[in-house]
Amino acid sequence: MRRRTLALIAAGAVIAVVLVVGVVTAGAQGPSSLPSITVSQLLQNVATKAQSTTAVSGDVAWSNDLLGSSSLLSLGGNQTPAGLSSLLTGGSGRVWAQNGKARLESQGQNGDFVAVANGATIWTWDSMTNTATRYSSPSGSGATASPAPAPQASLDPATAIAALVQKLAPNATLSVSGRAVVAGRQTYTLTLTPTSPVTTFGSVRVAIDGQRWVPLRVQVFAKGDGSAVMSAGFKRVSFSAISDSLFSFSPPSGATVIHKQLGTAQGAPLKGMAGKVGAAEGGATHHAPLTLTQAKAQAPFLLTPSSTPAGVAFRGAFVTPTSAKAQAAIGSPTAQQARMIAVLGKHPTAALDYGTGFGTVLVVESKTTAGQDAQVQQQLGRLSTIGKATVNGMPATRLQTSLGSVVTFRQGDVRVIVAGFVPWSDLTQIAGSLQ
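Throughout what follows, the structure given in this document is the object of discussion.

Rules used throughout
Residues numbered from 1 in each chain as written. Predicted model: local features only at pLDDT ≥ 70, side-chain atom pairs only at ≥ 80, totals over all residues. Heavy atoms only, no water. Helix = DSSP H or I, 4+ residues; strand = E, 2+ residues; numbered from the N terminus. Buried < 20%, exposed > 50% of the residue type's maximum accessible area, 1.4 Å probe, protein only. Areas by Shrake-Rupley, 256 points an atom, 1.4 Å probe, with all protein chains shown as cover. Salt bridge = Lys/Arg side-chain N within 4 Å of Asp/Glu carboxyl O. Pairing = 2+ DSSP bridges. Core = buried A, V, L, I, M, F, W, Y, C linked by side-chain atoms within 4.5 Å. Phe/Tyr/Trp six-rings, centres within 6.5 Å; stacked < 30°, edge-to-face > 60°. Arc of directions from axis to C-beta. Contact = heavy atoms within 4.5 Å. Axes fitted to C-alpha atoms, helices over the stretch in contact; angles between N-to-C directions.

1. Comments concerning the overall build of the chain
Okay, step 1: The helix and strand inventory of the chain stands at nine helices and 19 strands.
Okay, step 2: Going through the 435 residues of the chain one by one, you find that 49% of them count as buried.
Okay, step 3: Carbon and sulfur atoms make up 52% of the accessible area of the chain, which amounts to about 19,500 Å² in all.

Shown next, in the form of C-alpha cells:
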C-alpha cells in the first residue's frame, strides 16, 4: 500500500516532467530566411518528408526548472538521483539515431549515463554505481497484450519530439509563430497552445528543420511566463550516416550487470488482471471509464467533490483490483503479473477524472492507516519543494509548480491525492469539497 501511494503521488506530480523524458537547451536562436508556411503545409512536410532522413546525430542539452534543485525521484529514498533519473534535472551529451537504433551518452549533474537501443534490446550504464542494465523482450511469457513500443524511440530526440506533438495536438491550437536558427539550422517554430481555459500550461514550442523537416528542439512554457520551464534539443546536429559499431554495447570492466525484461506495454498486465477480476466476479469488464455509481460499488470508501470549477467536469472513474482479487482471478500469474499483484493492497485504489486535455484534474483515493500515513509523511519530508496546506481543516502536503500542482491529505481513513495543470485555487476547490 505504501509503495502504491508513493507511486501515485509521484505520478501525479511529475506528469509534466514525463513530457520531455527521453527527448534528449537548444542551440542559439537567430534570424531565419525561410519562406512563410502554413500549419497544414508544415505538418504535411513533417509527415511525408521527415522519414527520408534516416540518420540524426549531434550534441544535445536539456534543462528542467520545474522543481528547482529538488527531485521527486527521491521519494524512493535516494537523495541523489542517478542513472536515467538524473537526466530529469538537466544535462548535456550526444545522441546518435539511425534506422531504429539509438545511442545516448550524457553528462548529467550526478554522473555519466549511457543508453544503447538496438532492436528489442536496450542497455543502460550509470557511472555513479557502475551498473549496466540489459533490458530485453521476454520469450515464452504467454503474454497476450500488445508488445511495448520500441525502446529506442525514447532515445531519438527527433522521433520523441514528433511523438509529443501528435499527443498534444488534439488538445491545443497550432500555429507557426516564427522562424529561427537552431543548432545551426533554419527552423520553423510550431507553437501548441492549450485550448483549456483553466490550465496553467502556457504553450509548447517546437523548432522544425526547414529542409529536413525533423524536429530539433522542444520548449515548454507556463502561462504568462516568457522563459521556458523545460527545454530539450540539439545544440549541433548532423544527418550523415552513422557507423553500426556505435549501436553495440559491452559493460565496462568491473561493472555490475543486471538483466531485466521489458515485458508488455506499461500497465498492460494490470489491465489484464482487472479484466480477469471482472470476469471472475461475474460482472462485465470495464474497459471504458466507470460512472460514480459503478466506482462507489467497487470502492465504497470513495469521496466525491460537491463543487468543481467551471470547465472542469467529471469525465469518468477508474478502480484497480485488490491483491486478493487479482491473485484469485489470475490463478498462476506470470512473474510480471506477480510483481503487479505485490503492488496492490487489501483495498482498491480509485481515480476520478475531471476536465479535459491540459485542464485535467485527477483525484486518487485509497484506504489508509495512521501507520501507513506516517511512512508517507516521512518520505514527503525529504523534498525541499514540499509545502504545507490545510484542506477541510486537515493538514495537507502540497507541491506547487508553474505548470501544475499536487495536494495530498488524509480524510478519515482515506488518503487523497489531487493533481492537475490548473490554478491552485481550482485544485483546492475540488479537494476542499470532497465528501
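What follows continues from the structure just given.
2. A few points about the pattern of salt bridges
Okay, step 1: Enumeration according to the criterion identifies five salt bridges in this entry.
Okay, step 2: Linking Arg236 and Asp59 is a salt bridge whose minimum nitrogen-to-oxygen distance equals 2.8 Å. Remark: Asp59 occurs in strand β1 (residues 55-64) and Arg236 occurs in strand β11 (residues 230-238); sequence separation between them is 177 residues.
Okay, step 3: Residue classification places Asp59 among the partly exposed positions, given a relative accessible area of 23%.
Okay, step 4: Across the pair Lys367 and Asp413 runs a salt bridge whose closest N-O atoms are separated by 2.7 Å. Separated by 46 residues along the polypeptide, Lys367 in strand β15 (residues 361-367) and Asp413 in the loop between β18 (405-411) and β19 (414-420) bring together distant segments of the chain.
Okay, step 5: On the basis of relative accessibility, which here comes to 33%, the residue Asp413 falls in the partly exposed class.
Okay, step 6: Counted as one network, the salt bridges with shared partners bring together Asp59, Arg94 and Arg236.

3. A look at the pairing of strand β16 (residues 387-391)
Okay, step 1: Side chains Gly387, Ala389 and Val391 project from β16 onto a buried face, and the interleaved Lys388 and Thr390 project onto a face without burial.
Okay, step 2: Of the pairings in the sheet, the one linking β16 to strand β17 (residues 394-400) comprises five bridges and is antiparallel in character. Considered in β17, the bridge of Gly387 is made with Arg398.
Okay, step 3: Here β16 folds back onto β17, and the loop between the two strands holds two residues, one of which, Asn392, carries a positive phi near 55 degrees.

4. Notes on the environment of Gln186
Okay, step 1: By the secondary structure assignment, Gln186 is in strand β8 (residues 185-194).
Okay, step 2: For the pair formed by Gln186 and Asp209, sequence separation is 23 residues and the distance between their alpha carbons is 6.0 Å.

5. Comments concerning the nonpolar core
Okay, step 1: In this structure, Leu192, Val204, Val206, Trp213, Phe234 and Leu403 are the most contacted members of the largest nonpolar core, which totals 41 residues.
Okay, step 2: Broken down by secondary-structure element, the contributors of at least two residues to this core are α2 (39-49), β1, α3 (157-168), β7 (172-182), β8, β9 (201-209), β10 (215-222) and β11.

6. Quick look at the packing of aromatic side chains
Think of a pair of aromatic rings as described by two things: how far the centres are apart, and how the planes are tilted against each other in angle.
Okay, step 1: All chains considered together, the criterion is met by five aromatic pairs.
Okay, step 2: Arranged with centres 5.3 Å apart and planes meeting at 40 degrees, the rings of Trp123 and Phe249 form a pair that is tilted. On the criterion of sequence distance, the pair formed by Trp123 in strand β5 (residues 121-126) and Phe249 in the loop between β11 and β12 (256-261) is long-range, its members being 126 residues apart. The same class applies to Trp123 as to Phe249, namely buried.
Okay, step 3: Taken together, a centroid distance of 4.7 Å and an interplanar angle of 45 degrees make the contact between Phe201 and Phe358 tilted.

7. Some words on the environment of Ala183
Okay, step 1: Here Ala183 lies in the loop between β7 and β8.
Okay, step 2: Given a relative accessible area of 9%, Ala183 falls into the buried group.
Okay, step 3: For the pair formed by Ala183 and Gly58, sequence separation is 125 residues and the distance between their alpha carbons is 9.1 Å.

8. Regarding unusual backbone geometry
Okay, step 1: For Ala183, which is not glycine, the phi dihedral falls at a positive 55 degrees.
Okay, step 2: With phi around 65 degrees, Trp213 is a residue other than glycine that occupies positive phi space.

9. Remarks on helix α9 (residues 424-432)
Okay, step 1: Regarding α9, the residues found buried are Trp424, Asp426, Leu427, Ile430 and Ala431. Seen along its axis, α9 keeps its buried residues to an arc of 165 degrees; they face one direction.
Okay, step 2: At its buried positions, α9 is contacted by β15, β16, β17, β18 and β19.

10. Describing the sheet that holds strand β13 (residues 314-319)
Okay, step 1: Read from one edge of the open sheet, seven strands run β13-β14-β15-β19-β18-β17-β16, paired in antiparallel fashion. Whereas interior strands pair on both sides, the edge strands pair on one side only; in this sheet they are β13 and β16. For this sheet, the mean inter-axis angle between neighbouring strands, taken without regard to orientation, is 20 degrees.
Okay, step 2: Strand direction decides the pairing type here: β15 and β19, joined by seven bridges, are antiparallel. Within β19, the residue paired with Leu362 across the bridge is Ala419.
Okay, step 3: Across the sheet, α9 lies against β15, β16, β17, β18 and β19, angled at about 20 degrees from β18, the strand it touches most.

11. Let's talk about the environment of Ala102
Okay, step 1: Mapping Ala102 onto the fold places it in strand β3 (residues 101-108).
Okay, step 2: With a relative accessible area of 0%, Ala102 lands in the buried category.
Okay, step 3: For the pair Ala102 and Val116, spaced 14 residues apart in sequence, the C-alpha separation works out to 5.9 Å.

12. Focus on the pairing of β9
Okay, step 1: Burial analysis of β9 places eight of its nine residues in the buried class, which makes it a mostly covered element.
Okay, step 2: Pairing of β8 with β9, which is carried by six bridges, proceeds in the antiparallel orientation. Bridge pairing in β9 places Thr191 opposite Arg205.
Okay, step 3: Direction of pairing for β9 relative to β10: antiparallel, over a ladder of seven bridges. Note on β10: the bridge partner recorded for Arg205 is Gln219.
Okay, step 4: Between the antiparallel neighbours β9 and β10 lie five residues, among them Trp213 with a positive phi of about 65 degrees.

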